[in-house]
Amino acid sequence: MTLKTILAITGTAAGDGDLDIATTLCEEASLHLSVLVLEPAPPPPTGEFAAMVSDGWIAQRQDGQKRLDDRAAAVTAKLAATALSADVATAYPEPAWADEIVGRRARYADMTLVGPGLPREDALGSRVIHGALFSSGTPLMIVPAGAQPTVAPKRVLLAWDAGVEAARAMHAALDLLSAAEAVHLTLVDPVEGENGHGAEPGADAATYLARHGCRVSVDRLPSGGKPVSSVLRQHAIDVAADLIVMGAYGHSRLRERMFGGTTKSMIEDAPVPVLFAR
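Residues numbered from 1 in each chain as written. Predicted model: local features only at pLDDT ≥ 70, side-chain atom pairs only at ≥ 80, totals over all residues. Heavy atoms only, no water.

### A short note on the layout of surface pockets
Of the pockets and cavities examined, the second largest pocket occupies roughly 230 Å³. In terms of lining, the second largest pocket is formed by 16 residues, of which the most central are Ala159, Trp160, Asp161, Val228 and Leu232. Every element with two or more residues in the lining of the second largest pocket is listed here: β7 (182–188), α8 (228–238) and β9 (243–247). Of the residues contributing to the lining of the second largest pocket, the split by class is ten nonpolar, four polar and two charged. (1 Å grid on protein atoms, 1.4 Å probe; cavity = no way out; pocket = protein on both sides within 12 Å on 5 of 7 lines; lining within 4 Å. Points joined across faces, edges and corners; volume = space filled by probe spheres on them. Helix = DSSP H or I, 4+ residues; strand = E, 2+ residues; numbered from the N terminus. Nonpolar A, V, L, I, M, F, W, Y, C, P; charged D, E, K, R; others polar.)

In structure tokens, the structure reads:
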């Protein structure tokens, strides 16, 4: 993953905290910052009088469009005051379609960055994360409160279960992994066997990474009955990791996306930034 463009998402009611995180990252690494300003649109009237567009709905649409325009103007002015290469786009979708909008936009960035503020926005947070993971084909970095992300991590925890999603995350982050001082290939309750980790869990992945110049160690950890996410969080702290890399797991039913338990837990409560790929 060669990073040249970072996508950041902001809502009209959001402060500048997430945007400041993205700006700092792009300034430090000389990256282009692409910002998408989103406002959830009120759904059209339904029922017996659906054909009759109400004055109230039109007023709501107009108010939302003004909030969107005002926020985009403020973001544009903020970025213009920096030396960054940047662009600002807007979208005004109904909430049910916000993930698709985000996914399409994210395809033209190398990574989507989500700060701690956006997930707290009920109308947008989960949709943005869903779209970036399930509809873009590009990685997503979640930044927890109090953390500043880096694209040159020194110590990385790579969560490994020998699955397709984990392999995609490993390949997506290969440039970051090969430049790190230490890569902790972390397996929780690994099971030997041809259909999983092989005869020596983690050995094949570690060999592959070593060929790419990674300074890798294999950490096989027992869960002790704890959730995998809890084990990963604690191990990230123990090894002083400044980035976790892992695959994102989930399933799709109609248009409703549901995360797997470990993915959801790490999105909601990670000690350091997490780079997800799917």
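### A short note on the environment of Leu7
Note on placement: Leu7 falls in strand β1 (residues 5–11). Along the backbone, Leu7 and Ser34 are 27 residues apart, and their C-alpha atoms lie at a distance of 4.7 Å.

### A closer look at the sheet that holds strand β3 (residues 86–91)
Read from one edge to the other, the open sheet built from ten strands follows the order β3-β2-β1-β4-β5-β12-β9-β6-β7-β8, with strand pairing classed as mixed. One side of each edge strand has no neighbouring strand; the edge strands of this open sheet are β3 and β8 (216–221). Within this sheet the neighbouring strands show an average axis-to-axis angle of 25°, counted without direction. Alignment of strand β6 (residues 155–159) against β9, held across three bridges, turns out to be parallel. Bridged to Leu157 within β9 is Ile244. (Pairing = 2+ DSSP bridges. Axes fitted to C-alpha atoms, helices over the stretch in contact; angles between N-to-C directions.)

### Thoughts on the pairing of strand β2 (residues 32–38)
The element β2 is largely enclosed, with a buried count of six among its seven residues. In this sheet, β2 lies alongside β1 in parallel orientation, the contact comprising seven bridges. Within β2, the position partnered with Gly11 by the bridge is Leu38. Here β2 pairs with β3 via six bridges, running parallel. Bridge pairing in β3 places Ser34 opposite Asp87. (Buried < 20%, exposed > 50% of the residue type's maximum accessible area, 1.4 Å probe, protein only.)

### A look at the confidence of the model for the protein
When pLDDT is averaged across the protein, the result is 90; 92% of the residues are at 70 or more. Here residues 253–258 scores under 50 on pLDDT; set against residues more than four positions off or in separate chains, the count is 15 contacts. (pLDDT = per-residue confidence, 0-100. Contact = heavy atoms within 4.5 Å.)

### Some thoughts on the environment of Thr150
Here Thr150 lies in the loop between β5 (140–142) and β6. On the basis of relative accessibility, which here comes to 22%, the residue Thr150 falls in the partly exposed class. The sequence separation of Thr150 and His212 amounts to 62 residues, and the corresponding C-alpha distance is 21 Å. Each residue touching Thr150, except ones within four places of it in the same chain, is listed here: Leu25 and Met141. Within the structure, the side chain of Thr150 is placed 2.9 Å from the backbone nitrogen of Ala152, a separation counted as a polar contact. (Polar contact = N/O pair within 3.5 Å; in protein donor to acceptor, adjacent residues only side chain to side chain.)

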